[in-house]
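# Analysis of the macromolecular model
As a plain string of letters, each chain reads:
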Amino acid sequence: MPTASSAPEAEKLSPREVEVLEFLVKGLAYKEVAAELGISYSTVHRHIEGIYKKLHVHSRSHAVAKHLGA
């Protein structure tokens, strides 16, 4: 659950971006996320780019940490 400090940034994420980010939190690879959601790898990659931009991060680990409120 995001903390109060990360909540405004998390609110900027689309429902699909949140869904993708939740799979990253669980440790799934982009290819696995694509399979779970029934979308292409490139679509997952575009969602990841949006997540990074909106959360102001440059890596998967930072995105996950920010989402978890760390």
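Each remark here, short or long, concerns the structure printed above.
Numbers given for residues are sequential positions, taken from 1 along each chain in its written order. The model is predicted, so local features are restricted to residues of pLDDT at least 70 and side-chain atom pairs to those at 80 or more, both for listing and for counting; the totals for chains, interfaces and linings are taken over all residues. Excluded from the side-chain calculations are hydrogens and water; all other atoms, namely the structure's heavy atoms, are used.

## Thoughts on the overall build of the chain
- What the chain contains, in helices and strands, is 5 helices and 0 strands.
- To qualify as a helix, a DSSP run of H or I must reach at least 4 residues; to qualify as a strand, a run of E must reach at least 2; elements of each kind are numbered from the N terminus. Counting from the amino terminus, helix and strand elements in the chain follow one another as α-α-α-α-α.
- Within the span of the chain, comprising 70 residues, buried residues form 39% of the whole.
- Contacts are assigned to residue pairs that have any heavy atoms within 4.5 Å of one another. Taking the intrachain contacts of the chain between residues at least 6 apart in sequence as the baseline, contacts between residues at least 24 apart amount to 55%.
- Put simply, the chain shows about 4300 Å² of open surface, and 59% of that area lies on carbon and sulfur atoms. Summary of the burial criterion: residues with accessible area below 20% of their type's maximum are buried, those above 50% are exposed, and those between are partly exposed, where the area comes from a 1.4 Å probe applied to protein chains only. Only the protein chains shown count as cover for residues, and all accessible areas are computed by the Shrake-Rupley method using a 1.4 Å probe.

## Points about the nonpolar core
- Think of a nonpolar core as a cluster: buried Ala, Val, Leu, Ile, Met, Phe, Trp, Tyr and Cys residues, connected wherever their side-chain atoms sit within 4.5 Å. Ranked by internal contacts, the top residues of the largest apolar core, which has 19 residues, are Val 33, Val 44, Ile 48 and Ile 51.
- Elements represented by at least two residues in this core include exactly helix 2 (15–25), helix 3 (30–37), helix 4 (41–55) and helix 5 (60–67).
- A per-element tally of this core places helix 4 first, with 5 residues.
- Setting aside residues up to four positions removed in sequence, Val 44 forms contacts with Val 20, Tyr 30, Val 33, Ala 34 and Ile 39.

## Brief notes about helix 3
- Taken residue by residue, helix 3 has Tyr 30, Val 33, Ala 34 and Leu 37 as its buried positions. End-on view of helix 3: buried residues confined to an arc of 100 degrees, all on one side of the axis. Exposed and oriented more than 90 degrees from the buried face of helix 3 are Lys 31, Ala 35 and Glu 36. What the arc covers is the set of directions going from the helix axis to the C-beta atoms.

## With respect to the pattern of salt bridges
- By salt bridge we mean one thing: a side-chain nitrogen of Lys or Arg within 4 Å of a carboxyl oxygen of Asp or Glu. Under the defined criterion, the tally for this structure stands at 2 salt bridges.
- In this structure, Glu 17 engages Lys 54 in a salt bridge whose closest nitrogen and oxygen atoms are separated by 2.9 Å. Of this pair, Glu 17 sits in helix 2 while Lys 54 sits in helix 4, placing them 37 residues apart in sequence.
- Under the relative-accessibility criterion, Glu 17 is labelled buried at 7%.

## A word on the packing of helix 3 against helix 4
- For the pair helix 3 and helix 4, the least separation of the axes is 9 Å and the interaxial angle reads 110 degrees. One way to sum up the angle between helix 3 and helix 4 is to call them roughly perpendicular. Of the two elements, helix 3 crosses helix 4, and the hand of that crossing is right-handed. Packed against helix 3, whose contacting residues are Tyr 30, Lys 31, Val 33 and Ala 34, the element helix 4 presents Tyr 41, Val 44, His 45, Ile 48 and Tyr 52 at the interface.
- Each residue gets one of three labels, nonpolar for Ala, Val, Leu, Ile, Met, Phe, Trp, Tyr, Cys and Pro, charged for Asp, Glu, Lys and Arg, and polar for the others, Gly among them. A breakdown of the residues in the contact of helix 3 with helix 4 according to their chemical character gives 7 nonpolar, 1 polar and 1 charged. Between N-to-C directions, angles cover 0 to 180 degrees, with each direction set by a line fitted to C-alpha atoms, over the stretch in contact for helices. The cut-offs work like this: below 35 degrees is roughly parallel, past 145 is roughly antiparallel, 65 to 115 is roughly perpendicular, and the gaps in between are oblique. Rotating anticlockwise by less than a right angle from the far helix to the near helix defines a left-handed crossing, while the corresponding clockwise rotation defines a right-handed one.

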